[in-house]
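# What the coordinates show
Residues per chain, in single letters:
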Amino acid sequence: MGYIGRFAPSPTGPLHAGSLLAALASWLDARAASGRWLVRIEDLDPPRCQAGAAERILAQLAACGLHPDEPPLYQSRRTDHYQQALDTLRVRGLAYPCACTRRDIDAALAARGLAHQRHVERPYPGTCRAGLGGRAARACRFHTEKYQSNRPPAPTSQASAATFSIATDGVRWHDRRLGAQHQDVAAQVGDFVLRRADGLWSYQLAVVVDDAEQGITHIVRGEDLTDNTPRQILLQSALGLPTPRYLHAPLVRGEDGEKLSKQHGAPAIDETRPMAALGQAAQALGLPAAPPGATQGEGLALWALAWARIYNPAP
């Protein structure tokens, strides 16, 4: 199967410097491999989505010359697909209802002498694995401990170019930029959420289902999402879906060192000056500057060639 990549923004606001970097990186990786590039609008969280943001993002991408090879896919129109995946996991005994609140989880962890740390996952203590104890179900979780503990130690390959392993001590995989990676998901994350207490689908389940549906072979995204990868590999394996190759790109950071984001007030890119915005993104990716007076097409062509040398010598 040929290369298929994607960019999957959430329409919580327009593109800023950080999200444009992710878009450009995924586009360049696809073009350097003579592949296809798709756009998926991850609009599963209506309270966070802004009216008109999806249209603005698509217009910003077009202004920067980043045109998808198919019409965009909208997650909000695919809830039946996520339900089918959840039903499959339930039938296999790999998903179960959970009645716990965050306060319940924090209390259970505190009883074990574990305090919640900022930017660190709350490893689910498994409270509801054996039943709800008369409480009402709130969320639905993946039985990470059960799936991971029953895996043999031998490596598994479910895609021609993606080698990884799932064993009792966790998930190992290779990131094309960051190198060898490992996470003991059962210990560090626990049984993660598939459907939230508010009834919305989790990012982890939706992205796995959609990547398989769209035939995605390569994922290029920001390195802040690196720790999501092992959870997604577990779900891909449990659902019998292929695992893409991963590359987690560097982030654009603010003066405080934090990731530039909409939540921190990152300004929208100026689509009336696309080469300036693209040039900044290319610089952050370690790509050469476009010559003065270069057109947008010339700049993108230059960066695609440079990308192939730096990031993608053998897709």
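Look up a bit, the structure's there.
So, here's what we can say about the structure. (Residues numbered from 1 in each chain as written. Predicted model: local features only at pLDDT ≥ 70, side-chain atom pairs only at ≥ 80, totals over all residues. Heavy atoms only, no water.)

### Here we look at the pattern of salt bridges
Throughout the structure, instances matching the rule amount to 17 salt bridges. Between Asp210 and Arg40 there is a salt bridge, and its shortest N-O distance comes to 3.9 Å. Remark: Arg40 occurs in strand S2 (residues 36-41) and Asp210 occurs in helix H7 (residues 203-213); sequence separation between them is 170 residues. Here Arg40 falls in the buried class, since its relative accessible area comes to 0%. Notably, a salt bridge pairs Arg56 with Glu271, separated by 2.8 Å at the nearest N-O pair. (Salt bridge = Lys/Arg side-chain N within 4 Å of Asp/Glu carboxyl O. Helix = DSSP H or I, 4+ residues; strand = E, 2+ residues; numbered from the N terminus. Buried < 20%, exposed > 50% of the residue type's maximum accessible area, 1.4 Å probe, protein only.)

### Points about helix H2 (residues 53-63)
Along an α-helix, residues three or four positions apart point the same way, because every turn accommodates 3.6 residues. Along H2, the positions that sit buried rather than exposed are Ala53, Ala54, Ile57, Gln60 and Leu61. Buried positions in H2, seen along its axis, are confined to an arc of 125° and lie on one side of it. Here the buried face of H2 lies against strand S1 (4-7), helix H1 (17-32), S2 and strand S3 (73-74). Of the residues one or two after H2, Gly65 is the one with positive phi, at around 80°. (Arc of directions from axis to C-beta. Contact = heavy atoms within 4.5 Å.)

### Digging into the packing of aromatic side chains
The tally for this structure, following the rule as stated, stands at 4 aromatic pairs. Members of the aromatic cluster, each reached through a chain of ring pairs, are Phe142, Tyr147 and Phe192. In this structure, Arg77 packs its charged tip against the face of Tyr74, placed 4.2 Å from the ring centre. Cation over ring: Arg141 sits above Tyr124, and NZ or CZ is 3.8 Å from the ring centre. (Phe/Tyr/Trp six-rings, centres within 6.5 Å; stacked < 30°, edge-to-face > 60°. Lys NZ or Arg CZ within 6 Å of the ring centre and 35° of its normal.)

### Thoughts on the pairing of strand S12 (residues 245-249)
With 5 of 5 residues buried, S12 lies mostly within the body of the structure. Going residue by residue along S12, you find Arg245, Leu247 and Ala249 tucked away on one face and Tyr246 and His248 tucked away on the opposite face as well. For the segment spanning strand S11 (residues 218-222), helix H8 (residues 229-238) and S12, crossover handedness is right-handed. (Right-handed = clockwise from strand over helix to strand, strands pointing away.)

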